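Coordinate inspection notes
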Amino acid sequence: MARSPIPPEILSPSVSIRTLSPKSQISPLISPLLLSPLRGFSSNSEGIMIKLFKVKEKQRELAENSNGKPPVKKQSAGELRLHKDISELNLPKTCSISFPNGKDDLMNFEVTIRPDDGYYLGGTFTFTFQISSIYPHEAPKVKCKTKVYHPNIDLDGNVCLNILREDWKPVLNINTIIYGLYHLFTEPNHEDPLNREAAAVLRDNPKMFESNVRRAMAGGYVGQTFFTRCI
Amino acid sequence: MRRHIPQLPQFVGCRSLVSHTVPLRSGVSPMADATAQQSSRSRDLDKLLLRPGHLVGPAFEPGAELRDDLQKYVRILVVGAGGLGCELLKDLALSGFRNLEVIDMDRIEVSNLNRQFLFRLEDVGKPKAEVAAKRVMERVSGVNIVPHFCRIEDKELEFYSEFSIIVLGLDSIEARSYINAVACGFLEYDSNDNPQEQTMKPMVDGGTEGFKGHARVILPGMTPCFECTIWLFPPQVKFPLCTLAETPRTAAHCIEYAHLIKWDEVHSGKSFDPDNPEHMQWVYLEAAKRAELFGIPGVTYSLTQGVVKNIIPAIASTNAIISAACALETLKIASGCSKTLSNYLTYNGVEGLHTKVTEFVKDKDCLVCGPGILIELDTSVTLKMFIDLVEDHPKLLMSGASVTHRGKNLYMQAPPVLEEMTRSNLSLPLFELMDKFPKGIVHVTGTAGKGDKRQSCLRKLRVAFKGVDGITDTDMAGGA
Ligand SMILES: [Zn+2]
């Protein structure tokens, strides 16, 4: 999971830093030693240089005070943001969420979708969500636990949904993803196939696609592949 | 910790770009006269530490005592013993620091040897932290380096609290985010929301990617922390799965197909381990097959490693330059011999050379380094009363609050399944739910603001309980 530590935008001399954030200020191209102490908090930050030795005792005291406390669990920024997403969930009645590891592990959960329209009406499909500690910088990992005959979901549960990969943005949230998944069932799309056979049938013969979906959901073979009942 | 793709032609010659002039590389023989060595070794350092100057920090007190104190009292943790970590240990040791520790969970690989110069062929397979510590101690007399061969999460928080400064030579956002949260977690604010200097744990963060790099100084509570500026990192490029499955066009598409789709198809249930060479080899062979099928050139083993681990070749000279900047900032923070970098240096050696310092600003509402809102409570206040109080608090006016404390979800308004599980907490005293500590941090989410401006938000609160032992401390006295 090595990730780029360097924002390429600010490395390119031709790009103005202002395009990045209205909050950032621009420093002239000078040695850090010559940076004006008048800017913002830079005069403050000198203060820290540091009475490192003088504060040594105090630091030891603090460390000792912390003895006897139970081990502190570090709550990542990703966990906090997820807490917000979860506490604001507004799910349609066709979707439900569960937390297999209990109320204190929000980073791993399952979402169950029961489409009330379209080819998949009556089926029950469960997705697992895995959230990283740097969420929402990184999209959740989502897999379909239920084996499904679907053009955009393969037989191993990989899901082709743009906002899970190439179009993920930190402003999106768990609710958006659940709606996106729901949408896959009401409007399967043969143009982004993960299950090529299913996609071809949907494109060329929607009637047959419909009967294949019914057969798979009822529990049975479509071609060589067996699907367990999910109605 | 940085991994490397070997043998990419455009980078092979890079080691010769910078000649390392530090004595380490020239193979000096052990000095007979330690005293003579000491004075010559600290000659340049003495110019910074023994003489007054115009650009020094306000608390700077030049003199031999300062130099001795730096050696004696300052303890520095280097996180990562890879390309940057090797350079950092060497630079810090040669800058006069005597008490160093280094933490890294990786073992040495052959492909590290071109730039992780503390390692030799016979070290392959050994822990990086241990070999790096040993080599620097062999070459720099007087320095003591304690290696820790483990994950950063394996250490207790007390471990990190012992250091004066934490220096980061990492290659992942996750690891930076973790250390940042730990270091910022020590920070305490007084009742006027001013950061308390003695609780501040400075960090110096270096990072390189090919010919580009950055060095930054994080003084929690004063300069932006890693989380304040996480948007600086470009999002990872992710190809649509259906492109990988159906219409691959590049070698990277073939590799990601083997890695993300084919692996699961063949190894049901067994997860892929990027650090397992057999797994990597399997992905490479599958990718090569697929590339042949679609007539796509360019799949190699090293490209496979690069794509799967999302890495860019590391350049020794970039590491050396960034490490030097980081070591200098560490010395400045520790000694006050100069004002610190304020606060983010970028270096770009792709075409010619470009460096720039940008002063990023703190996010005052940062959940990690910000002060949050101080709330004083009686120990009898129940969670329900606390939620009502948050709704009426002039700085919050937050309705429908959900509350979390150190990873424990005390109350969740939604979804119904969690509301049900947490409802019984409402009638319990918050003091008990917070394990009877006199103070602590809780986070609340809900809807804040008035009228049209209502919006969902997430806030950090510093809760202090009145009349509990340990709260007589000045830092919480005075009230909000
Ligand atoms: Zn911050």
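From a predicted model like this one, the values you see are computed outputs, not experimental measurements.

Residues and elements named next belong to chain A. Of all six residues making up strand S2 (residues 108–113), five are buried, and the element is well covered by its neighbours. Sheet topology places S2 next to strand S3 (residues 125–130); six bridges connect them, and they run antiparallel. Bridge assignment links Thr-112 to a residue of S3, and that residue is Thr-126.

This part is about the packing of aromatic side chains. Pairs of aromatic rings are described using the distance from one ring centre to the other and the angle between the two planes. In this structure the tally under the stated criterion is 20 aromatic pairs over all chains. Measuring from centroid to centroid gives 4.7 Å for Phe109(A) and Phe129(A), while their planes differ by 20°, and the two rings are stacked. Placement of the pair is Phe109(A) in strand S2 and Phe129(A) in strand S3, with a sequence separation of 20 residues. Residue Phe109(A) shares its accessibility class with Phe129(A), and that shared class is buried. Ring centres of Trp263(B) and Phe272(B) lie 5.2 Å apart, and the angle between their planes is 80°; on these two criteria the pair is classed as edge-to-face. In this pair, the class of Trp263(B) matches that of Phe272(B), namely buried. Cluster of aromatic residues (ring-pair linked, three or more members): Tyr119(A), Tyr149(A), Phe209(A) and Phe227(A). Positioned above the aromatic ring of Phe163(B), the side-chain terminus of Arg75(B) is 5.0 Å from the ring centre. Sitting above the plane of the Tyr257(B) ring, Arg290(B) keeps its charged end 3.5 Å from the centroid.

Residue and element names in this part refer to chain B. Counting residues in hydrophobic clusters, the biggest one holds 52 residues, and the most contacted among them are Phe-97 and Leu-100. Among the elements that line this core, the one with the most residues is helix H13 (residues 316–335), at seven residues. Setting aside anything within four residues of it in sequence, one finds Leu-100 in contact with Ile-76, Leu-89, Leu-92, Ala-93, Val-143, Asn-144, Ile-145 and Val-146.

Relative orientation and spacing of two packed helices are given, respectively, by the angle between their axes and the distance between those axes. All names here are of chain B. Following both chains from N to C, one finds helix H10 (residues 251–266) and helix H12 (residues 301–309) inclined at 70°, their axes separated by 10 Å at the closest point. With respect to H12, the element H10 is oriented roughly perpendicular. For the pair H10 and H12, the sense of crossing is right-handed. Judged by residue contacts, Ala-251, Ala-252, Ile-255, Glu-256 and His-259 of H10 engage Leu-303, Thr-304, Val-307 and Val-308 from H12.

The rules we used
- Residues numbered from 1 in each chain as written.
- Chains lettered and ligands numbered in written order.
- Predicted model: local features only at pLDDT ≥ 70, side-chain atom pairs only at ≥ 80, totals over all residues.
- Heavy atoms only, no water.
- Buried < 20%, exposed > 50% of the residue type's maximum accessible area, 1.4 Å probe, protein only.
- Helix = DSSP H or I, 4+ residues; strand = E, 2+ residues; numbered from the N terminus.
- Pairing = 2+ DSSP bridges.
- Phe/Tyr/Trp six-rings, centres within 6.5 Å; stacked < 30°, edge-to-face > 60°.
- Lys NZ or Arg CZ within 6 Å of the ring centre and 35° of its normal.
- Core = buried A, V, L, I, M, F, W, Y, C linked by side-chain atoms within 4.5 Å.
- Contact = heavy atoms within 4.5 Å.
- Axes fitted to C-alpha atoms, helices over the stretch in contact; angles between N-to-C directions.
- Parallel < 35°, antiparallel > 145°, perpendicular 65-115°, else oblique.
- Left-handed = near helix turned anticlockwise from the far one by under 90°.

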